[in-house]
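What follows is the residue order along each chain.
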Amino acid sequence: MTKQFETSDNKAGQGLLWLFGAILAIQGFGSAITEAGWDTSFGVAGLLRAAQAPGWVTLLVGFAGVVLLGMAARGHYRRKRTNR
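These numbers come from a predicted model, not from an experiment.

Topic: the overall build of the protein chain
Next up, step 1: Check the secondary structure of the protein chain and you find three helices and zero strands.
Next up, step 2: For the protein chain, the α and β elements follow one another from N to C terminus as α-α-α.
Next up, step 3: Per-residue burial for the protein chain yields a buried fraction of 23% across its 84 residues.
Next up, step 4: A separation threshold of at least 6 residues defines the contact pool for the protein chain, and within that pool the share at least 24 residues apart is 66%.
Next up, step 5: Of the roughly 6,100 Å² of accessible surface on the protein chain, 66% is carried by carbon and sulfur atoms.

Take a look at the structure:
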């Protein structure tokens with residue numbers, strides 16, 4: 001019974017990693033591309049500009065999203081390997 005509960009918690013955590021990773025990657029890189037291409041900011045870039053943050057911080061947010069996606073993928077494939 002405890003084993004099943006631990007597995008469901010792990011799946012919820014993995015789902016959150018996928019979700020937050022995708023959100024940060026899209027917001028970070030999308031904001032940087034939009035700002036560079038059309039000279040307008042939205043989402044994360046707009047908030048960071050209002051906080052007087054430098055322009056490269058939006059790329060840092062995108063890279064943080066990529067790191068979270070990598071962590072989620074590693075956990076997914078590790079769990080898949082142990083279930084064989």
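Structure shown, so let's carry the discussion forward.
Some remarks on the confidence of the model for the protein chain
Next up, step 1: Within the protein chain, residue pLDDT values average 82, and 85% of them lie at 70 or more.
Next up, step 2: Put simply, helix α1 (residues 2–38) is where the protein chain has its lowest mean pLDDT, 78, and helix α3 (residues 57–82) is where it has its highest, 88.
Next up, step 3: Here residues 4–8 is modelled with pLDDT under 50, and outside its nearest four sequence neighbours on either side it reaches zero contacts, counting other chains as well.

Considering a nonpolar patch on the surface
Next up, step 1: Together, L16, L19, F20 and I23 line one region of the surface with nonpolar side chains, adding up to about 370 Å² of accessible area.
Next up, step 2: Here L19 is to be found in helix α1.
Next up, step 3: Judged by its relative accessible area of 45%, L19 is partly exposed.

Points about helix α2 (residues 43–50)
Given 3.6 residues to a turn, an α-helix orients residues that are three or four positions apart in the same direction.
Next up, step 1: Turning to α2, its buried residues are V44, A45 and L48. Buried residues in α2, looked at end-on, bunch into an arc of 95 degrees, giving them a common side. Exposed residues lying more than 90 degrees from the buried face of α2 are L47 and A50.
Next up, step 2: Q52 sits one or two residues past α2 and shows a positive phi near 65 degrees.

Some points on unusual backbone geometry
Next up, step 1: Although it is not a glycine, D39 sits at a positive phi angle of roughly 55 degrees.
Next up, step 2: Mapped onto the elements of the fold, D39 is located in the loop between α1 and α2.

What about the pattern of salt bridges?
Next up, step 1: Applying the stated rule across the entire model yields one salt bridge.
Next up, step 2: Where E35 meets R49, a salt bridge forms, and the shortest distance between an N and an O atom there is 2.9 Å. One end of the pair, E35, is in helix α1; the other, R49, is in helix α2, and 14 residues separate them in sequence.

Some points on the side chain of T58
Next up, step 1: Here T58 shows up in helix α3.
Next up, step 2: For T58, a relative accessible area of 2% gives the class buried.
Next up, step 3: Setting aside chain neighbours within four positions, we find T58 in contact with G28, F29, S31, A32, A45, L48 and R49.

About the cut-offs
- Residues numbered from 1 in each chain as written.
- Predicted model: local features only at pLDDT ≥ 70, side-chain atom pairs only at ≥ 80, totals over all residues.
- Heavy atoms only, no water.
- Helix = DSSP H or I, 4+ residues; strand = E, 2+ residues; numbered from the N terminus.
- Buried < 20%, exposed > 50% of the residue type's maximum accessible area, 1.4 Å probe, protein only.
- Contact = heavy atoms within 4.5 Å.
- Areas by Shrake-Rupley, 256 points an atom, 1.4 Å probe, with all protein chains shown as cover.
- pLDDT = per-residue confidence, 0-100.
- Patch = residues over 30% accessible without salt bridge, like charges linked within 9 Å, V, L, I, M, F, W, Y side chains within 5 Å.
- Salt bridge = Lys/Arg side-chain N within 4 Å of Asp/Glu carboxyl O.
- Arc of directions from axis to C-beta.

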